[in-house]
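# Survey of secondary and tertiary structure
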Amino acid sequence: MVDVDSATAVWELGARISDFTFEGALAGYVTALACHAAELATRHAPRASTAAAAATTRARTAGAVAVITSDGGPDATDRDGRFAPDPAGAGWGERLGRAAIMVTAVGFGMNVASIVMRGLAAHRAPWGNMYEIASLICAIAAGAWLLVAARAHVRRMGVFVVFPIAVLSFVGGTVLYTPAGTLVPVLQSYWLVVHVLLVALSSGVLMLSGAASLMFIIRSRYERRVVNVADDRSFVARLPETATLDRIAYRTAIIGFPLFTFAVVAGALWAEASWGRYWGWDPKETTALVTWVLYAGYLHARATSGWRGSRAAWISILGFASIMFNLFFVNMVVSGLHSYAGLN
Amino acid sequence: MPPPDTIAARRNEPTQKRPPTRRGRKAFTSATAALRNLWRRLTSMHTALVLLFLLTIAALPGALLPQWSTSRVNTSKYIADHPEIGPWLNRLGFFNVFSSPWFAAVYLLLFISLIGCVTPRSREILRQIRRGPPATAPRNLSRLPHHEALTAVGDAAHAGERIRGRLRRTGIGGWRTAMRHEPDGTVIVAAEKGYLRDVGNLVFHISLLALLLSTSVGSLFGYEGSVIITAGSGFCASSPIAYDDFRPGSMVNATTTTPFCVDVDAFHATYTEGGQATSFQADIRFQDGAALGTDTWQRRALEVNDPIRFSGDRLYLMGHGYTPTFRITYPNGAVRNYQQPFLPSDSLFTSEGAVKVTDPPGYPRDQLLKNQLAIVGVFAPTALLAGGVLSSGYPSQLSPGVAVDIYRGDLGMSTGRPQSVFAIDNTQVARGLLVKKAHAVLAPGQSTTLTDGTRITFTGAKEFVSLQTSYDPAQGWALVSVLFMIAGLMASLLIKRRRVWYRIRPEPAPPADPAGSLVIEVGGLARTDQAGYGREFPSLVALAEDPSSVSGRRPAAAVKGQ
Ligand code: HEM
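As the structure is a computational prediction, the values presented were derived from the model and not from experiment. (Residues numbered from 1 in each chain as written. Chains lettered and ligands numbered in written order. Predicted model: local features only at pLDDT ≥ 70, side-chain atom pairs only at ≥ 80, totals over all residues. Heavy atoms only, no water.)

### Some words on the overall build of chain A
Counting secondary structure elements, chain A contains ten helices and zero strands. Traced from its N-terminal end to its C-terminal end, chain A shows the element sequence α-α-α-α-α-α-α-α-α-α. Counting the 344 residues in chain A, one finds 62% classified as buried. Across chain A, the fraction of contacts at a sequence separation of at least 24, relative to all contacts at a separation of at least 6, is 82%. Here chain A displays about 13,500 Å² of accessible surface, and carbon together with sulfur accounts for 69% of that area. (Helix = DSSP H or I, 4+ residues; strand = E, 2+ residues; numbered from the N terminus. Buried < 20%, exposed > 50% of the residue type's maximum accessible area, 1.4 Å probe, protein only. Contact = heavy atoms within 4.5 Å. Areas by Shrake-Rupley, 256 points an atom, 1.4 Å probe, with all protein chains shown as cover.)

This is how it looks when you write it as structure tokens:
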């Protein structure tokens, strides 16, 4: 026999810890955002090395589009040290930047702890309502970002990546917040575990792709305008160059897109078992299709002359916008079968 | 050298230009030329992109506006709320986006474009796989994204053979190679790998076509039927009319449905203290095929997310609600029992409905239409009465109650106007043909008596379940298509198609070294958009080294321009 009182106590304790660590994660992301912004704003930033300037010029002469740099390998930038920290410039900016990554890592840890505690408290996969899904997307985006930052020395992307994470976790912790609870019968399915996890995984990874694409657009406009990047003092000069941004956007997209495809297929399999058909043009399904076609469009655009570069980047941004639209608008405004929002 | 992704792109553009026909009438020629031009346009990547965007734009109203196919109630409400544009949007198919002609036009064009794109490419890829890479190399290997040079001793032809042999042994499937001896003694080895990427891309696009075909077959030949059954009764799906609501594909007729019978013995639901449902289960008995009409029943617990699958059909538990029961004692002493499912209007099962008595006993035929009865109102499984309004405080039956109006008169069943089973026809009330005789709030066992002595007793409530039958002959094919699609997608995104060239050039031999010395240049090119070459290139360079004779690698600059 289960002691009801102690079970309830454990539940409440777990739920409390989960809420507390979520707030910690939010605080971490916001602090990281501030540090990243301060780093970009620091005038004392290291001057871009000559190699970077050369590479940028090369990119510009080729029309500021995706040019595979010196050898196109994943570790190219590491090897020739173009984005490695400049020892001479290890001033405030550098310190702030490192602090930002560290605080992000702490926030990520707390985010994961919050998710795990909620799962333990509620005895189920902790992604059954919008708050929990938003939290999961944040954790995945933060984790993916830390991986990318560790591998590619593109810390100065931080503002653009941490900003959507901080916003999403803020909205999650306030507007969407739902106390830990049980699930309605239709959600008590292993398909929930698979489908929603895949949705969150792909959304988190594609968030990175969208952020990199946005920076690509900003940076490529800038490169077209400014001739001598090495001497320029605008913060854009300190962003990674277009070729790097394009590569990050693309590589995250080709991971995120198959994941998203799997998510949609898992959703269709679940719908077959639950709603009596695998596809029924429910608003959520329709928007998922729109998202999917947008990302297919992104990949096609990259292989079509005249569409590479900024145009393709815009499509990737649209794709992520439609993921967010599906998460928020379709859940909260349009009525459909996906009524798990936990808000009504 | 163009950047590699330009090469990749050029490969994707349909390039085959046939020489114009010389003979034939001029008009005919120009007509075919125009057609060919149109075809080339339609199957270009630009058009495909534009069509992809058109598809997303065309699908959007389907997500933003209510659709007839998913919610009739919301759609008619929307049209009523927007009297200006509603009817127009309706006429233009905006509430039926996915069966509208303009949506069909976009996706048909896209798929024609797709076929036109995929067919020549399949031929081209087959040819490439059969032949392997051409035995030529870019003139200047040092300008490729990956480049390395080294020196060796020995004979160029031997070195070439050795490199070829080693290439063939690496990796799954290895490299496809070609070799050429140039007049000046230089030997070129060209190799290519990763054809699976393009095969994957083809498989992906072809599976996409198959998926579309499967969904079309499913919507033409499939059907859905729904029915509400009160616990303790049953239903036989002998034909479409047996259902409360039947939604057939356009190729379905009355004889193509699968017959089966189902009895609902009981329904169980559990709720949290706050009234949130935690489980639903219907105990049913079920027979189909040869068992029909016999006494053989299969017992099963039907739950959400777990349909019964039989002879191609699936039977789902879609929802549940309450069926209030009433006993009416008529002035002539006759006693009848009535039950009618009420429609839940909130998550705590405040439910609305109407019991219609079309043939009250004890009246002569000509008086029947004046004495039909209706019990119209609200049922609540846990009744809360506030300000005369009844609502439910909890979803299960803790203290059931009804608040009902009793009407007498002509229900209007013979007017030809369709009626909802959950409500009376209010135009009959407005015309004074159906008159409210009493209002009562009743707990089980309580009754209200009309002036003529008719007594209406609320006797309690049973649970009802709503069941749905679905049939889709092609959903297995859809699944197979989608699995191939994903496999193709993964292959085309993750496999790198790459080439490597070795140019082995004998150097003027110093007289002391009769074996001769060689300069081997290695160049690598990934023909993949941004996926890179990875860490493979150094091992390809190592292939060229002969452990016994390598005298060392030279920096690329040292051989440049020689
Ligand atoms: C419903 C329509 C379509 C969808 C959803 C779709 C989806 C995709 C996806 C996801 C890829 C990525 C695979 C890759 O990057 O290799 C791709 C590649 C490709 N698609 Fe499509 N496609 C569609 C229609 C078309 C059409 C109409 C054409 C021809 C005009 C086409 C030609 C290509 C080509 C050539 C590639 C390879 C691009 C490359 O080399 O990277 N597709 N498609």
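Having put the structure on the table, let's press on.
### Section: the domain arrangement of chain B
As far as domains go, chain B holds domain 1 (37–110), domain 2 (132–194 + 496–561), domain 3 (217–320 + 469–474) and domain 4 (325–460). Just the C-alpha atoms count here: the centres of domain 1 of chain B and domain 4 of chain B sit 43 Å apart. (Domains from an automatic or database assignment.)

### Side note on the pairing of strand E23 (residues 517–526) of chain B
All names here are of chain B. With ten of ten residues buried, E23 is to be regarded as a mostly interior element. Burial along E23 is two-sided: the face carrying Ser517, Val519, Glu521, Gly523 and Leu525 and the face carrying Leu518, Ile520, Val522, Gly524 and Ala526 are both buried. Note that strand E1 (residues 146–153) and E23 share eight bridges and pair antiparallel. Its bridge partner lying in E23, valine 153 is registered against serine 517. Across ten bridges, the pairing between strand E22 (residues 498–507) and E23 is antiparallel. When the sheet's bridge partners are listed, isoleucine 504 is paired in E23 with isoleucine 520. (Pairing = 2+ DSSP bridges.)

### A word on the sheet that holds strand E14 (residues 351–357) of chain B
Residues and elements named next belong to chain B. Read from one edge to the other, the open sheet built from five strands follows the order E13-E14-E15-E18-E19, with strand pairing classed as antiparallel. In this open sheet, the two edge strands, each paired with only one partner strand, are strand E13 (343–344) and strand E19 (434–442). Alignment of strand E15 (residues 372–380) against strand E18 (residues 401–409), held across nine bridges, turns out to be antiparallel. Looking across to E18, one finds that glutamine 372 is bridged to glycine 409.

### Re the coordination of the iron atom of the ligand
For the iron atom of the ligand, every protein donor is listed as A:His300 (NE2) and B:His205 (NE2), and the spread of their distances is 1.9 Å. Each of the six donor atoms bound to the iron atom of the ligand contributes to angles spanning 79 to 179 degrees, and the resulting shape is octahedral. Highlighted residues: A:His300 in helix H9 (residues 283–302) and B:His205 in helix H8 (residues 195–221), drawn from two different chains. Take A:His300 and B:His205: they sit in the same class, and that class is buried. (Donors = N, O, S within 2.8 Å, 3.2 Å for Na, K, Ca; no water. Tetrahedral: all angles 85-135°; square planar, octahedral: opposite > 155°, others 65-115°.)

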